[in-house]
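# Summary of the model geometry
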Amino acid sequence: MTNSVSHSIPSLCDVYKDYFLIGAAVNQQTLQTEQNLIKKHFNSLTAENEMKFEHLQPAEGQFSFEYADKLVSFANDNGKKVRGHTLVWHNQTSDWLFTDSAGKTIDRETLLARMENHIGTVVRRYKEEVYCWDVVNEAVADHSQALLRDSNWLSIIGEDFIEKAFHFAHSANPEALLFYNDYNESDPDKSDKIFQLVCSLVEREVPIHGVGLQAHWNLYKPSYDEIRKAIEKYASLGLQLHITEMDVSAFEWNDRRTDLKEPLKEMLYLQAERYDQFFQIFREYKDHITSVTFWGVSDHYTWLNDFPVKGRRNWPFVLDHNGNPKPAFQRVCQVPGTSRIMSN
Ligand code: GLA
């Protein structure tokens, strides 16, 4: 079963063709169930999981490209770009990577060699098809005084694991645009840290071309002012900005409410207002923002169902469960100068 496509509504990526790419994270299921919506509304695709370390190299030297290849050929066949996600992360990374056959933690040189082999193999394989990569994901610490979060990468290699990853990716494909990607990217303290990290990479001439703002936002947070300040901070580095994982949850992160089977009218109204403001800000910074990706296609599937609160449904996108436009879709499409597209 594939979600039906309403022909009376505009295509999101057409509406935004003079601004930035409009992307969606997809997986093996949604590539089938949401196929028509994907074809119509998005010109950039990200693998929700299929290009993560544990999927691509589940055992040492045994690469498994089947699902990533499928996604890439779907993108190719349909004229979509592909954002690669992600090469170095503390999550969804195979356990074998950090230990030897006796289960003992490996040393820096061994981990660097494994990192280089993984990045080189993956980036070279998709040299023609993947135009940019989230090279390092979520390396900055959230609440501690430390700049970087604890991780096996950090404790075994040291702080330069980040720049090593960028150098390995760059030598595997000098044409690829290389990104640092993180969440809570608009939080004043965390955005200072992200800025500090990326700034130090730029100063040391590490091949980095962009900052990915994940944008897992909700109806109440972050504030428009925080978002604007974060964008300006990152843009001052002279790098491209991508919105990489956008969703606008109907709930604050820890809201325990689990009784709703459908979104309330007030939620849809507020969500439309939020999306409208967010996209106004994106348009305003279009000289810096070159891609906006949603972390899903429609409310038919989202990682936010049951997470982080078990039993809680969520409706974070601009297309509803059946692929129909929500009030947020209408507002996002109200772009100055696009009245002709709207009346199609
Ligand atoms: C992070 C990662 C994504 C994804 C989301 C949750 O933001 O970057 O790959 O795992 O968490 O779905």
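Residues numbered from 1 in each chain as written. Predicted model: local features only at pLDDT ≥ 70, side-chain atom pairs only at ≥ 80, totals over all residues. Heavy atoms only, no water.

Here the focus is helix H6 (residues 108-125). Taking 1.5 Å of rise per residue, 18 residues should cover 26 Å, and H6 covers 26 Å from first to last C-alpha, within 8% of that figure. Residues Leu111, Leu112, Arg114, Met115, His118, Ile119, Gly120, Val122 and Val123 constitute the buried set of H6. The elements touched by buried residues of H6 are helix H4 (53-56), strand E3 (81-88), strand E4 (130-137), helix H7 (152-157) and helix H8 (161-172). (Helix = DSSP H or I, 4+ residues; strand = E, 2+ residues; numbered from the N terminus. Expected span 1.5 Å × (residues − 1). Buried < 20%, exposed > 50% of the residue type's maximum accessible area, 1.4 Å probe, protein only. Contact = heavy atoms within 4.5 Å.)

Further remarks concern the side chain of aspartate 299. Tracing the backbone through its elements, the reader meets aspartate 299 in the loop between strand E9 (289-294) and helix H12 (327-332). For aspartate 299, a relative accessible area of 2% gives the class buried. For aspartate 299, the side chain forms a polar contact with the main-chain nitrogen of phenylalanine 317, separated by 2.9 Å. Other than its neighbours up to four places away in sequence, aspartate 299 contacts Arg313, Trp315, Pro316, Phe317, Leu319, Asp320, His321 and Lys326. (Polar contact = N/O pair within 3.5 Å; in protein donor to acceptor, adjacent residues only side chain to side chain.)

Moving on, we come to the site of the ligand. As a structural note, the neighbourhood of the ligand is formed by Lys52, His85, Trp89, Gln92, Asn137, Glu138, Gln214, His216, Glu245, Trp295 and Trp303. Between the ligand and the protein, one listed contact pairs an oxygen atom with a side-chain N or O atom of lysine 52 at 2.8 Å. One of the side-chain nitrogen or oxygen atoms of histidine 216 is found 3.3 Å away from an oxygen atom of the ligand. The protein chains hide 88% of the 300 Å² of surface that the ligand would expose on its own. Because more than half of its atoms lie within 2 Å of the grid, the ligand is assigned to the largest pocket. The residue makeup of the shell around the ligand, split by class, is 3 nonpolar, 5 polar and 3 charged. (Near = heavy atom within 4 Å. Areas by Shrake-Rupley, 256 points an atom, 1.4 Å probe, with all protein chains shown as cover. 1 Å grid on protein atoms, 1.4 Å probe; cavity = no way out; pocket = protein on both sides within 12 Å on 5 of 7 lines; lining within 4 Å. Sits in = over half its atoms within 2 Å of the grid points. Nonpolar A, V, L, I, M, F, W, Y, C, P; charged D, E, K, R; others polar.)

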